[in-house]
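Structural description and commentary
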Amino acid sequence: MEKAIVVIDEIYDFISGGSLACEHSEEAVAATKALIENNKRLPVLFVCDHHPENHCSFAAQGGPWPPHCVAGTRGGDIHDDLLPFVQEELVFYKGCNPAEEQYSGFDGRNAAGQSLAEVLETLGIDSVILVGIATEYCVFNSARDLLKAGFKVTIPEDCLAWVDRDGHLKTLPELTALGARIQK
Ligand SMILES: [Zn+2]
C-alpha cells in the first residue's frame, strides 16, 4: 500500500482574512503541517484553486462566490507554513478555465500538464490521506472522484475547514457512505 498526502486549497483566500475565509482554516493548516512532519516519507501533492479574473464562479459573472484565488494574487498562494513542503511538479491547478467550475482536484493539472490522477498513478499511490478546504465542496468532490477511481481515501477531520459548520457535519457521513474513512 503506497500512500500520499493530498492537500486541497490551503490557500490564503480560504483562510482567515481571505475573501472566502473558511471556519477552522488556521487550525486545519496547523494540523496539516503536523501531519506532513509526522509522515516525512510520504509525497505531498497540493491542489490549488487558480482562477482567471472573470471566472464563472464569481458573483459578477452570476456565480455563487466572491472573487477568490485569482492567479497571481496573494489570495491564490499556498499558506506560507506549508511552502517548505511544496514541490513544483506536485502542485495541481484547477478552475483555470473562465467558463468551468472545478471543485474536484482530481482533474487538476500541474505546470507540465499532468493530472493529479496521472501523477498519483505514476508514483504508484493507491491510498490517499486527503486534507484541506472546504469539506462540503472541494474536499467532498475530490474524495468522491478519488474513490470512484479506486483509491483508498482517509480524511483526518482536524485537517479540514468548512464554509458552514452544519454543511461540514452533514458532509462527513456522506463521505463515509462513499467509502472514505474519517479519522477523528
Ligand atoms: Zn474557486
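Residues numbered from 1 in each chain as written. Predicted model: local features only at pLDDT ≥ 70, side-chain atom pairs only at ≥ 80, totals over all residues. Heavy atoms only, no water.

**Examining a positive patch on the surface**
On the surface, a cluster of positive charge is contributed by K3, R41, K152 and R181. Position of K3 relative to the elements: it lies in strand β1 (residues 3-8). (Patch = residues over 30% accessible without salt bridge, like charges linked within 9 Å, V, L, I, M, F, W, Y side chains within 5 Å. Areas by Shrake-Rupley, 256 points an atom, 1.4 Å probe, with all protein chains shown as cover. Salt bridge = Lys/Arg side-chain N within 4 Å of Asp/Glu carboxyl O. Lys, Arg positive; Asp, Glu negative; His and termini not counted. Charge placed at Lys NZ, Arg CZ, Asp CG, Glu CD. Helix = DSSP H or I, 4+ residues; strand = E, 2+ residues; numbered from the N terminus.)

**Concerning helix α1 (residues 25-37)**
Taking 1.5 Å of rise per residue, the 13 residues of α1 would be expected to cover 18 Å, and the 18 Å separating its terminal C-alpha atoms lies within 8% of that figure. Residues S25, A28, V29, A31, T32, L35 and I36 constitute the buried set of α1. Looking at the buried residues of α1, the elements they touch are β1, β2 (44-49), β4 (127-133), β5 (152-156) and β6 (160-161). (Expected span 1.5 Å × (residues − 1). Buried < 20%, exposed > 50% of the residue type's maximum accessible area, 1.4 Å probe, protein only. Contact = heavy atoms within 4.5 Å.)

**A closer look at the packing of aromatic side chains**
Evaluation of the coordinates by the stated rule reveals two aromatic pairs. Centroid distance W65 to Y137: 5.1 Å. Interplanar angle 90°. Geometry classified as edge-to-face. Of this pair, W65 sits in the loop between β2 and β3 (91-94) while Y137 sits in helix α3 (residues 135-148), and the two are 72 residues apart along the sequence. For W65, a relative accessible area of 12% puts it in the buried group. Judged by its relative accessible area of 28%, Y137 falls in the partly exposed class. With a centroid separation of 5.4 Å and 55° between ring planes, the pair formed by Y103 and Y137 is classed as tilted. Here Y103, found in the loop between β3 and α2 (116-122), pairs with Y137, found in helix α3; they are 34 residues apart in sequence, far enough to count as distant. Among the aromatic side chains, those forming a connected cluster through ring pairs are W65, Y103 and Y137. (Phe/Tyr/Trp six-rings, centres within 6.5 Å; stacked < 30°, edge-to-face > 60°.)

**What to know about the nonpolar core**
Proteins that are soluble and globular tend to have nonpolar side chains buried together. Counting residues in hydrophobic clusters, the biggest one holds 29 residues, and the most contacted among them are V6, L45, L120, L130 and I155. For this core, the secondary structure elements donating two or more residues are β1, β2, α2, β4, α3, β5 and α4 (165-178). With 28 residues, the next largest nonpolar core counts I5, A28, L35 and F46 among its residues. (Core = buried A, V, L, I, M, F, W, Y, C linked by side-chain atoms within 4.5 Å.)

**As for the pattern of salt bridges**
Counted under the stated rule, the structure contains eight salt bridges. The partner of R74 in a salt bridge is D77, with the nearest N and O atoms 3.9 Å apart. Three or more residues joined by partner-sharing salt bridges are found here, namely D9, D49 and K94.

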